[in-house]
Amino acid sequence: MRHCLLKILMLLWLCVPALAMAQVDPGSAPAPAVAAPASPAGPTLPSLPDVTVGQVGDNTISLPLQTLLLMTAITLIPSALLAMTAFTRIIIVLGLLRQALGTGQTPSNQVLVGLALFLTMLVMMPVGEKAWTEGMAPYLNGQIDFASAWTLTTNPLRDFMLAQVRETDLMTFAGLAGHGTYASTADVPFPIIVASFITSELKTAFEIGFLIFIPFVIIDLVVASVLMSMGMMMLSPMLVSAPFKILLFVLVDGWVLIVGALAASFNVA
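Keep in mind the model is a prediction, meaning the values are calculated, not measured.

Enquirer: So what about the overall build of the protein chain? Which residues, and what values?
Expert: A tally of regular secondary structure across the protein chain gives nine helices and two strands. Across the protein chain, helices and strands are ordered from the amino to the carboxyl terminus as α-β-β-α-α-α-α-α-α-α-α. Across the 269 residues of the protein chain, 26% fall into the buried class. By sequence separation, contacts in the protein chain at least 24 residues apart represent 67% of the contacts at least 6 residues apart. A total accessible area of about 18600 Å² is found for the protein chain, and carbon and sulfur atoms account for 73% of it.

Enquirer: So, helix 5 (residues 146–164): which residues are in play, and what are the values?
Expert: End to end, helix 5 covers 28 Å across 19 residues, agreeing with the expected 27 Å (1.5 Å per residue, within 8%). Remark: the principal bend of helix 5, roughly 30°, maps to N155, with a proline, P156, within the next four residues. When we look at burial in helix 5, the residues that qualify are A149, T154, P156, L157, R158, F160, M161, L162 and Q164. Those residues of helix 5 hidden inside the fold are in contact with helix 3 (87–101), helix 4 (109–140) and helix 7 (190–229).

Enquirer: Describe the packing of helix 3 against helix 9 (residues 254–264), listing the residues and the values that go with them.
Expert: Where helix 3 contacts helix 9, the axes come no closer than 11 Å and their chain directions differ by 155°. Classified by the interaxial angle, the pair formed by helix 3 and helix 9 is roughly antiparallel. For the crossing formed where helix 3 meets helix 9, the hand is right-handed. Across the interface between the two elements, R89, I90, V93, L94 and L97 from helix 3 touch W255, I258 and L262 from helix 9.

Enquirer: So, the nonpolar core: which residues are in play, and what are the values?
Expert: I90, F160, M161 and I258 are the most contacted members of the largest nonpolar core, which has 37 residues in total. At the level of secondary structure, the elements contributing two or more residues to this core comprise helix 3, helix 4, helix 5, helix 6 (167–176), helix 7 and helix 9. The dominant element in this core, judged by the number of residues it contributes, is helix 3, at nine residues. With sequence-adjacent residues up to four places away left out, M161 is seen in contact with M84, F190, I193, V194 and F197.

Enquirer: Give a detailed account of helix 4, specifying residues and quantitative values.
Expert: If you check helix 4, its first and last C-alpha atoms are just 38 Å apart, much less than what 32 residues at 1.5 Å a residue would give, namely 46 Å. The principal kink in helix 4, of about 55°, is found at M124, preceding the proline P126 by one to four residues. Among the residues of helix 4, those classed as buried are L112, A116, L119, T120, V123, M124, V127, A131, G135, A137, P138 and Y139. Buried residues in helix 4 make contact with helix 3, helix 5 and helix 9. A positive phi of about 75° marks G142, the residue just after helix 4.

Enquirer: Can you explain unusual backbone geometry? Please cite residues and give values.
Expert: Look at the link from T106 to P107: it is a cis peptide, with omega at -5°. Among the secondary structure elements, P107 is positioned in the loop between helix 3 and helix 4. At D253, a residue that is not glycine, the phi angle is positive and equals roughly 55°. Within the element layout of this structure, D253 appears in the loop between helix 8 (237–251) and helix 9. Under the relative-accessibility criterion, D253 is labelled partly exposed at 42%.

Enquirer: Outline the environment of I214, listing residues and values.
Expert: With respect to the secondary-structure elements, I214 resides in helix 7. The sequence separation of I214 and A100 amounts to 114 residues, and the corresponding C-alpha distance is 8.8 Å.

Enquirer: Outline the confidence of the model for the protein chain, supporting the account with residue identities and numerical values.
Expert: Detailed conclusions should not be drawn from predicted coordinates in areas where pLDDT is low. Counting all residues, the mean pLDDT for the protein chain is 76, and 76% of those residues have values of 70 or more. Across the protein chain, the secondary-structure element scoring lowest on mean pLDDT is helix 1 (residues 2–22), at 43, and the one scoring highest is helix 3, at 90. Contacts from residues 1–39, a stretch scored under 50 in pLDDT, to residues over four places away or in other chains number zero contacts. Between residues 48–52, whose pLDDT stays under 50, and residues either more than four places distant or in other chains, the model counts seven contacts.

Enquirer: Give a description of the packing of helix 5 against helix 7 that names residues and reports values.
Expert: The contact between helix 5 and helix 7 brings their axes to 9 Å, and the two run at 45°. By the angle between their axes, helix 5 is oblique relative to helix 7. Crossing of helix 5 against helix 7: the hand is left-handed. Counting all contacts with helix 5, which are made through L157, R158, F160, M161, L162 and Q164, the residues of helix 7 involved are F190, I193, V194, F197, S200 and E201. Looking at side-chain class alone, the contact of helix 5 with helix 7 contains eight nonpolar, two polar and two charged residues.

Each value, and the rule that gives it
- Residues numbered from 1 in each chain as written.
- Predicted model: local features only at pLDDT ≥ 70, side-chain atom pairs only at ≥ 80, totals over all residues.
- Heavy atoms only, no water.
- Helix = DSSP H or I, 4+ residues; strand = E, 2+ residues; numbered from the N terminus.
- Buried < 20%, exposed > 50% of the residue type's maximum accessible area, 1.4 Å probe, protein only.
- Contact = heavy atoms within 4.5 Å.
- Areas by Shrake-Rupley, 256 points an atom, 1.4 Å probe, with all protein chains shown as cover.
- Expected span 1.5 Å × (residues − 1).
- Bend = angle between axes of the 7 residues up to and from the residue.
- Axes fitted to C-alpha atoms, helices over the stretch in contact; angles between N-to-C directions.
- Parallel < 35°, antiparallel > 145°, perpendicular 65-115°, else oblique.
- Left-handed = near helix turned anticlockwise from the far one by under 90°.
- Core = buried A, V, L, I, M, F, W, Y, C linked by side-chain atoms within 4.5 Å.
- pLDDT = per-residue confidence, 0-100.
- Nonpolar A, V, L, I, M, F, W, Y, C, P; charged D, E, K, R; others polar.

Below you can see the structure in the form of structure tokens.
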């Protein structure tokens, strides 16, 4: 019985399309298709200017090599930006402050890096606005070519780094590169500026860290001398002095003082 029902259903399934086609008059012309109304065109997005990166001199770079160079540049850009901004000085000073307080891993590395990043954004905001106005915005509008945009965009960053660089560091790296004295700041190569900027920032950061350490070291010495006079030589002075250092730091509103002093320690280009 089931097999008979299945056969009947299959026959009906095969006959329905044939019956539908038989009802259509073969002589009648098909109805003209009604043209669908044209949909309104969407807003056109501005296209970025083309940058030719596939040529090195007269030689053409293959697509895999272009991709490799692009991925390498993307991985190096964050490190380069952190090294050429105020981040280096800020994160070193915050790390030395944590050691001076003797609080171990409090605040955590994530908190210190986050604070350093946002403080770096605050310090570098005028430089970024100037670079955007003079270089990036005209390039995206198609007013200048890529070479001119690169020069105009990096000039504010060069001026910022040169304002922080010590002359001795600059001359040291110029001598290592085999260069003499420069007639003007425009003649200084960009790698020389970056190298001298990093060493200058390290020196400045450790100088600030030394000044931060002094009051906390004094508290450690006072606590250690009091414990020695009381005969408590087995008690760690760091354990006793830590609450007093934290209390002193909170009473003088230390975080605001440190962050404000760091932001004001950078020379304006």
